Amino acid sequence: MDPVTVVTGGSRGIGAATVRRLASAGHDIALCYRQDSDAAEAVLTDVHAAGRQGIAVRADTTNPDQVAHLFEAAAELGEITGLVNNAGVTSQIGPFVDLTLADLRRVIDVNLIGYVLCAQEAVRRMSSGAAIVNISSAAATLGSPGEYIHYAAAKAATDTLTIGLAKELGPQGIRVNAVSPGTIWTDIHTVSGLPDRPARVANRVPLGRAGYADEIAAAITWLLSPEASYTSGAILRVAGGQ
Ligand code: NAP
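Everything numeric in this text was worked out from a predicted model, so none of it was measured.

K.L.:
Which parts of the structure should I look at to understand the sheet that holds strand β2 (residues 28-33)?
P.N.:
The pairing of strands in a sheet comes from backbone hydrogen bonds and takes either a parallel or an antiparallel form. If you trace the seven strands from one edge of the open sheet to the other, you get β3-β2-β1-β4-β5-β6-β7, paired in parallel fashion. Taken across any chain shown, the strands that pair with only one partner, and hence form the sheet edges, are β3 (54-58) and β7 (235-238). For this sheet, the mean angle separating the axes of adjacent strands, direction not counted, is 15°. For β2 and β3, the ladder comprises five bridges, and the chain directions are parallel. Its bridge partner lying in β3, Tyr33 is registered against Arg58. In this fold helix α9 (residues 213-224) packs onto β1 (4-8), β4 (82-85), β5 (131-135), β6 (175-181) and β7, with an angle of close to 170° to the strand it touches most, β6.

K.L.:
Mind showing me how you'd approach the pairing of β4 here?
P.N.:
Taken residue by residue, a regular strand's side chains alternate between the two faces of the sheet. Burial of the side chains of β4 extends over both faces: Gly82 and Val84 are buried on one face and Leu83 and Asn85 on the other. A crossover links β4 with its parallel partner β5, the connecting element being helix α4 (residues 101-125), and its sense is right-handed.

K.L.:
Hey, could you run me through the nonpolar core in this one?
P.N.:
One broad rule of soluble globular proteins: the nonpolar side chains tend to lie buried together. Membership of the largest hydrophobic core comes to 55 residues, with the highest contact counts inside it found for Val6, Leu31, Phe71, Leu83, Met126, Val179 and Ile220. The element best represented in this core is α9, accounting for seven residues. Every residue in contact with Phe71, bar those within four places of it in the chain, is listed here: Val6, Ile80, Leu83, Cys118, Glu121, Ala122 and Arg125. Core analysis: the second largest hydrophobic core is formed by seven residues, Val107, Tyr148, Tyr151 and Ala152 among them.

K.L.:
How should I be thinking about the site of the ligand in this particular structure?
P.N.:
With respect to spatial proximity, 32 residues lie near the ligand, and among them Ser11, Arg12, Gln35, Tyr151 and Thr186 are the closest. Residue Tyr151 places a side-chain N or O atom 2.6 Å away from an oxygen atom belonging to the ligand. With respect to the ligand, the side chain of His189 contributes an N or O atom lying 3.1 Å from an oxygen atom. Contact with the protein chains covers 97% of the free accessible surface of the ligand, which is 900 Å². Those elements that place two or more of their residues in the shell around the ligand are α1 (13-24), α4, α6 (149-169) and α7 (188-191). The greatest single-element share of the shell around the ligand, amounting to three residues, is contributed by α4.

Rules used in this analysis
- Throughout this description, residue numbers start from 1 for each chain and increase along the sequence as written.
- In view of the model being predicted, local features appear only for residues whose pLDDT reaches at least 70, and side-chain atom pairs are presented and counted only at 80 or more, with totals across whole chains, interfaces and linings using the full set of residues.
- Where side-chain values are given, they derive from all heavy atoms of the structure, hydrogens and water being excluded.
- Being paired, for any two strands, means DSSP has found at least two bridges between them.
- Where helices and strands are cited, they refer to DSSP runs of H or I of at least four residues and of E of at least two residues respectively, numbered from the N terminus.
- For helices, the fitted line uses only the C-alpha atoms of the stretch in contact; every axis is such a line through C-alpha atoms, and the angle between N-to-C directions lies from 0 to 180 degrees.
- Contacts are residue-level and defined by heavy atoms, with any inter-residue pair within 4.5 Å sufficient.
- The cut-offs for exposure are 20% and 50% of the maximum accessible area for each residue type, with area from a 1.4 Å probe on protein chains only; residues under the lower value are buried, those over the upper are exposed, and the others partly exposed.
- If the strands point away from the viewer and the path from the first strand over the helix to the second runs clockwise, then the crossover is right-handed.
- Buried Ala, Val, Leu, Ile, Met, Phe, Trp, Tyr and Cys residues form a nonpolar core when they are joined through side-chain atoms within 4.5 Å.
- Near is defined per residue: the residue qualifies when any heavy atom it owns lies within 4 Å of the molecule or strand.
- Whenever two N or O atoms come within 3.5 Å, that pair is a polar contact, provided that in protein one can donate a hydrogen and the other can accept it, and provided that, for residues adjacent in sequence, both atoms are side-chain atoms.
- Working definition of accessibility: Shrake-Rupley area with a 1.4 Å probe, residue cover restricted to the visible protein chains.

See below:
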């Protein structure tokens, strides 16, 4: 039975790199995205070029009906064996007191509620041997002062979700882990108002540079593989030493 993996936010950035790596490693893929259908189609073309089945579903992970539709569509590829909870957003960088309620609610909605909704739909369909990887952030322990503390707090919740789910689902043979990237070159920084943020933070990183999406995808792919068969409840930091 070939692995069937759902990757949320699989159209761009870390999610797109993960889809490409997983397809090369023999996974069939259901990816979702929110609005950029051209980007999603481009990734899907690469999945098919790797000889794998793939579908791209427009689904906002904060919407329970759209999430249910995503997993129903994914299940048509075969039994779902993996979930990469990746679709996430930041908001405008700035002092804590200037954070708007709308930005706070959006960040919690996508980064926490969306992850929970997708994990619920996945777990209902998973059996022993399946695995979930939640994409957290090094921000969860750094706190992101002066930037986006609310985002860091949402990512700390991702870590807790990972620990709790690993314990609750372990007896069913389902592994749950998180990957915590440091600053990675993707378009997410445009939303925060500093598209060149990865270059700006390089001097704070022990390895002296920001990371690349494929370096995160490699860790995710390993955690979903049989090579990680005894790894559960881990929060794997991939942050250049930061
Ligand atoms: P990105 O380049 O901005 O890509 C985000 C992806 O998520 C896109 O495919 C986007 O689809 C999708 N998406 C956003 N909101 C969605 C929603 N509500 N429903 C469905 N899809 C949605 O982001 P990234 O940098 O790759 O980040 C991926 C994950 O890594 C996030 O959880 C982020 O918090 C985490 N992370 C990133 C960094 C970093 O420095 N880049 C560091 C630490 C952690 P559309 O294009 O259609 O909107």
